[in-house]
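The lines below spell out each chain.
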Amino acid sequence: TALDGRLSIDDPDGFEERYKKVIQREHGTEMASLIIHGDLSTPGEALDSLLYVRPIMFPKDAEGKEELPVDRLIVDLVHRAVKRMFEGDNHASAAAPEVRIINFSIGDPVRAFHGVMSPLARLLDWLSYKYNVLFIISAGNIQGQVIPLECNIEEFKTKRQEEISKYISKALTDNCIEHKIFSPAESINNLTVGAVHVDSSSIPDYPAM
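Residues numbered from 1 in each chain as written. Predicted model: local features only at pLDDT ≥ 70, side-chain atom pairs only at ≥ 80, totals over all residues. Heavy atoms only, no water.

Section: the layout of surface pockets
- Each pocket or cavity is described by its volume, and for the second largest pocket that value is around 1,300 Å³.
- If you go around the second largest pocket, you meet 45 residues; those closest to its centre are Gly 28, Tyr 52, Val 53, Arg 54 and Pro 55.
- Elements with a contribution of two residues or more to the lining of the second largest pocket: β1 (7–9), α1 (26–37), β2 (51–53), α2 (74–86) and β5 (101–104).
- Residues belonging to the lining of the second largest pocket are distributed by class as follows: 30 nonpolar, eight polar and seven charged. (1 Å grid on protein atoms, 1.4 Å probe; cavity = no way out; pocket = protein on both sides within 12 Å on 5 of 7 lines; lining within 4 Å. Points joined across faces, edges and corners; volume = space filled by probe spheres on them. Helix = DSSP H or I, 4+ residues; strand = E, 2+ residues; numbered from the N terminus. Nonpolar A, V, L, I, M, F, W, Y, C, P; charged D, E, K, R; others polar.)

Observations regarding the packing of aromatic side chains
- Evaluation of the coordinates by the stated rule reveals three aromatic pairs.
- Centroid distance Phe 15 to Phe 58: 4.8 Å. Interplanar angle 75°. Geometry classified as edge-to-face. One end of the pair, Phe 15, is in the loop between β1 and α1; the other, Phe 58, is in strand β3 (residues 58–59), with 43 residues separating them in the sequence.
- Using a relative accessible area of 0% as the deciding quantity, one classes Phe 15 as buried.
- Assessed through its relative accessible area of 8%, Phe 58 is described here as buried.
- Aromatic side chains Phe 86 and Tyr 131 sit 4.9 Å apart centroid to centroid with 15° between the ring planes, which places their arrangement in the stacked category. Linking Phe 86 in helix α2 with Tyr 131 in helix α3 (residues 119–131), this pair joins segments that are 45 residues apart in sequence. You'll find Phe 86 and Tyr 131 in the same group, each marked buried. (Phe/Tyr/Trp six-rings, centres within 6.5 Å; stacked < 30°, edge-to-face > 60°. Buried < 20%, exposed > 50% of the residue type's maximum accessible area, 1.4 Å probe, protein only.)

Quick look at the nonpolar core
- Counting residues in each nonpolar core, the largest one holds 25 residues, and the members touching the most others are Val 78, Phe 86, Phe 104, Leu 127 and Phe 135.
- At the level of elements, α2, β5, α3 and β7 (134–138) are the ones that each hand at least two residues to this core. (Core = buried A, V, L, I, M, F, W, Y, C linked by side-chain atoms within 4.5 Å.)

Focus: the sheet that holds β7
- Here we have three strands laid out as an open sheet, ordered β5-β7-β9, and parallel in their pairing. Bordering the open sheet on either side are β5 and β9 (191–193), each of which pairs with just one other strand. The mean inter-strand angle of the sheet, taken between neighbouring strand axes irrespective of direction, is 20°.
- Pairing between β5 and β7: four bridges, direction parallel. Residue pairing across strands places Ile 102 opposite Phe 135, the latter belonging to β7. (Pairing = 2+ DSSP bridges. Axes fitted to C-alpha atoms, helices over the stretch in contact; angles between N-to-C directions.)

So, the pattern of salt bridges
- Scanning all chains against the criterion turns up 13 salt bridges.
- With a closest N to O distance of 3.1 Å, Lys 65 and Glu 26 form a salt bridge. Taken together, the residues Lys 65 in the loop between β3 and β4 (66–67) and Glu 26 in helix α1 connect sequence positions 39 residues apart.
- For Arg 80, the salt bridge goes to Asp 76, with nearest N and O atoms at 3.5 Å. Residue Arg 80 and its partner Asp 76 are located together in helix α2, separated by four residues, close to a single helical turn.
- Classification of Arg 80 as partly exposed rests on a relative accessible area of 28%.
- Residue Asp 76 is classed as partly exposed on the basis of its relative accessible area, which comes to 38%.
- One network of salt bridges, in which partners are shared, links Asp 13, Arg 54, Asp 71, Arg 72, Asp 76 and Arg 80. (Salt bridge = Lys/Arg side-chain N within 4 Å of Asp/Glu carboxyl O.)

Description of unusual backbone geometry
- The peptide bond linking Ser 183 to Pro 184 adopts the cis configuration, its omega dihedral lying at 10°.
- With respect to the helices, strands and loops of the structure, Pro 184 is situated in the loop between β8 (182–183) and β9.
- The phi angle at Asn 90 is positive, at roughly 50°, despite the residue not being glycine.
- Here Asn 90 falls in the exposed class, since its relative accessible area comes to 71%.
- At Asn 132, a residue that is not glycine, the phi angle is positive and equals roughly 55°.
- With respect to the element layout, Asn 132 can be found in the loop between α3 and β7.

Here's what the structure looks like:
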């Protein structure tokens, strides 16, 4: 509801048709809200211009999470999407030639950066130069990893905050090889943004499992 009338959605590939439930439209909705409104727990002025949105993900199945399509190259998909913005395609005029900043909050978890730039990062560098735009890129999310405890959760919760912070910091350092940025976050001509784990939300403490 907070995004009503604030988006310009361009979906030439018909990805919207693959969504069976509104609740599946998580990624685009969340990112659009963050860009337009910022932190909803901290009221402020919203952007006064339309946000151009081009879907490049869809659910794998009726119950699945959104993901990049496996039947096409991501490099080709992104290239076509950006070219359509500034040059148009299939005899159509440019879809969003006035855009100067492009949010790209999608990372490839199976292509972590280990010293060699990925094809997608190189593409974003070239597109940034060619169309004089800046990509704001997500550093990537580390999902599915846990920090092992040397004691049970109840005993761990009784420790002082300084002890907990020190333990978690050491665990992250010991496992730093797994905490690499995801493609295309290694892009050189653009801006990569990580998380600070700070916001204005007030989430209650949940009981230990």
